[in-house]
Amino acid sequence: ASRRRLAKMAAPLAQLVLLVALGRPALSGAQATEGAAAAPHRRFEYKYSFKGPHLVQADGTVPFWVHTGNAIPSADQIRITTSLKSQKGSVWTKTKSIFEYWEVEVTFRVTGKGRIGADGLAIWFTEEQGLEGPVFGAADKWNGVGIFFDSFDNDGKKNNPGVIVVGNNGKLLYDHQNDGSTQALATCQRDFRNKPYPVRVKITYYQKTLTVLINNGFTPDKEDYEFCAKVEDMVLPSQGYFGISAATGGLADDHDVLSFLTFQLTEPGKEAPTPDSEIPQKDKEKYQEEFEHFQQELDKKKEEFQREHPDVQGQPGKLFGLFFNYDVFETVSDRELRQIFEGQNRIHLEIKQLNRQLDMILDEQRKYVSAVTEEIAKRGAGFPGQQGQISQQEIETVVKTQEEVIRQVKEIRSSVTDALRSISGAQHPGSAGVYETTQHFNDIKEHLHVVKRDIEHLVQRNMPSSEKQKCPELPPFPSCLSTMHFFIFVAAQTVLFIGYVMYRSQQEAAAKKFF
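Residues numbered from 1 in each chain as written. Predicted model: local features only at pLDDT ≥ 70, side-chain atom pairs only at ≥ 80, totals over all residues. Heavy atoms only, no water.

An unreviewed UniProt entry lists the protein chain under the name LMAN1 protein, with Pycnonotus jocosus as the source organism. In its Subcellular location (unreviewed entry) section, the UniProt entry covering the protein chain states "Endoplasmic reticulum-Golgi intermediate compartment membrane". (UniProt positions renumbered as here; feature names shortened; annotations may be inferred.)

Shown next, in the form of structure tokens:
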């Protein structure tokens, strides 16, 4: 009976568990679909962005942007301010954005030698351009939002460096003394100075919510963001300018912006406006007229060229080569012929180098022969009784070695001459001649070392022991002061010192009488 009761109680419980298990996947799938549908569509806007390399044009300007103050654009970044005191600079888009929701990704560096920096950097979205002013290098009383990266602690609360989000309707003055704490909509304390990697900030304004994410620059991962601030129910102008500014005060930092990327966000279900719809009708007509004019000029040039070169029609490679005076495509025979000529040229240069080195070797060989002859003559003339010290066998060995070296050098010269003559009329390069010439050259070097060693041995053997050079002995160092003079000098110094002490004591005793 107890088992029947447990079975009756377990049946409804099993049915409930089954229903929950069957309903849970449907619920999670609906939630996933809803989350995926809520993601906005992102489209990159190049007219409101910049990024290196080749960031600036030849005239020093940034396309679609204007810079003011002390800002210095370069090929890969824009230095808003240098590390000098009282500097201000900013860059702003030339045209207003016409999309309601947006997202910007900014990469920058703030570097300085001091432990504390100033003043900071600001990212703007305002109704009008704030080219110059007291708020981090931009104008005050702006209509829009500013995200401030404040480096200096003006209020002394030790909450800097920090990120501050400040909104304005065009009527408020920024509170510098309190670092904008009285006007801040959201803040977060992050250190962004002197980081190993550039600092990255992602600012998103979507459905009247402003979100700030930051990468502190401790890792090269571009997607390693952490939450910083969020402002809900924020109303911004539907059209505005993007900008970034910086300023320095008594302390100074380098404020460098590496990239500023802007994306248009479109709500799900709404079609993103085409790029043509963002161009004014007047500009469209102007660009269309210019395009038609250039198209007509191109057609005329094509017709003229085809009339002048009827044989190259349908051959784009040959046509391109006529313009630039070379053939685009190289045939197999042309490639082989070019390789043959290049190989022959290299061999010719190597043989010329060997010929020059052989001439140098012959000159050195002649010098060695003359030096040996002169040395033998000097030994025979200066020491007639010692001529027999040099054996006839050693002299014959040296002479044979010299003759062998000269004979090999002559053979190498003849082989080099034959190689040069054959290369001038050959069509295919070879490497055997070069190898043999190199081998002969190595043999000559070995023979020269043998000759030099034999000559040194003969010279050392025939030099008499009495003629070997010795270092001259140093003369005894003269004594400038005798013992008697030293004691007299010490006694005189002692007497003078005692006399000076007695004189000084008498002067001090006489001076005390007046007090």
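A. Summary view of the sheet that holds strand 15 (residues 241-247). The seven strands lie next to each other as 3-6-15-8-9-10-11, forming an open sheet whose pairing is antiparallel. At either end of the open sheet lies a strand with only one pairing partner, and these are strand 3 (65-69) and strand 11 (184-188). Looking at each pair of strands side by side, their axes are set apart by 15° on average, direction ignored. Bridge analysis of strand 8 (residues 120-126) against strand 15 gives seven bridges, and the strand direction is antiparallel. Residue pairing in the sheet places glycine 120 in a bridge with alanine 247 of strand 15. (Pairing = 2+ DSSP bridges. Helix = DSSP H or I, 4+ residues; strand = E, 2+ residues; numbered from the N terminus. Axes fitted to C-alpha atoms, helices over the stretch in contact; angles between N-to-C directions.)

B. The arrangement of the pattern of salt bridges in detail. For the coordinates displayed, the defined rule picks out 14 salt bridges. Among the ionic pairs, lysine 96 bridges to glutamate 128, the shortest N-O distance being 3.8 Å. Taken as a pair, lysine 96 in the loop between strand 6 (88-93) and strand 7 (101-111) and glutamate 128 in the loop between strand 8 and strand 9 (143-150) lie far apart in primary sequence, 32 residues in all. Taking relative accessible area as the criterion, lysine 96 reaches 26% and is therefore assigned partly exposed. Beyond isolated ion pairs, a larger network of salt bridges with shared partners links Arg42, Glu103, Glu105, Lys202 and Glu223. (Salt bridge = Lys/Arg side-chain N within 4 Å of Asp/Glu carboxyl O. Buried < 20%, exposed > 50% of the residue type's maximum accessible area, 1.4 Å probe, protein only.)

C. Molecular detail of unusual backbone geometry. Cis geometry marks the peptide bond from glycine 52 to proline 53, where omega comes out at 0°. When you line up the elements, proline 53 lands in the loop between strand 2 (50-51) and strand 3. The linkage connecting asparagine 160 with the following residue, proline 161, adopts the cis geometry, with an omega of 0°. Tracing the sequence through the fold places proline 161 in the loop between strand 9 and strand 10 (162-169). Unlike most non-glycine residues, aspartate 179 shows phi in positive territory, near 55°. The residue aspartate 179 is located in the loop between strand 10 and strand 11 in this model.

D. Spotlight on a nonpolar patch on the surface. Together, Phe497, Ile498, Tyr500, Val501 and Met502 give the surface a local cluster of nonpolar side chains, amounting to about 530 Å² of exposed area. Position of tyrosine 500 relative to the elements: it lies in helix 7 (residues 483-512). (Patch = residues over 30% accessible without salt bridge, like charges linked within 9 Å, V, L, I, M, F, W, Y side chains within 5 Å. Areas by Shrake-Rupley, 256 points an atom, 1.4 Å probe, with all protein chains shown as cover.)

E. Quick look at a negative patch on the surface. Residues Glu285, Glu289, Glu290 and Glu292 make up a contiguous surface patch of negative charge. Relative to the helices and strands, glutamate 290 is located in helix 2 (residues 281-308). For glutamate 290, a relative accessible area of 38% translates into the label partly exposed. (Lys, Arg positive; Asp, Glu negative; His and termini not counted. Charge placed at Lys NZ, Arg CZ, Asp CG, Glu CD.)

F. Representation of the environment of isoleucine 78. The topology assignment puts isoleucine 78 in strand 5 (residues 78-81). With 177 residues separating them along the chain, isoleucine 78 and histidine 255 place their C-alpha atoms 8.5 Å apart.

G. Inspection of the side chain of glutamine 87 at higher detail. One can find glutamine 87 in the loop between strand 5 and strand 6. Setting aside residues no more than four positions away along its own chain, glutamine 87 makes contact with Asn70, Thr81, Thr82, Ala246, Ala247 and Thr248. (Contact = heavy atoms within 4.5 Å.)

H. Expanded view of the pairing of strand 6. Across the six residues of strand 6, five count as buried, placing the element largely inside the fold. As defined by bridge partners, strand 6 adjoins strand 15 across five bridges and the pair is classed as antiparallel. When the sheet's bridge partners are listed, tryptophan 92 is paired in strand 15 with glycine 243.

I. Examining the pairing of strand 9 more closely. For strand 9, the tally of buried residues reaches seven of eight residues, placing the bulk of the element in the interior. Alignment of strand 8 against strand 9, held across seven bridges, turns out to be antiparallel. By the bridge assignment, leucine 121 is partnered in strand 9 with phenylalanine 149. Bridge count for strand 9 against strand 10 is eight bridges, and the pairing is antiparallel. Note that in strand 10 the partner of glycine 146 across the bridge is valine 166.

J. Broad picture of the nonpolar core. The biggest cluster of nonpolar side chains holds 45 residues, and the ones touching the most others in it are Phe50, Trp102, Phe108, Phe149, Val165, Leu210 and Phe242. Among the elements that line this core, the one with the most residues is strand 7, at six residues. Core analysis: the second largest hydrophobic core is formed by 12 residues, Ala122, Phe136, Ala138 and Phe148 among them. (Core = buried A, V, L, I, M, F, W, Y, C linked by side-chain atoms within 4.5 Å.)

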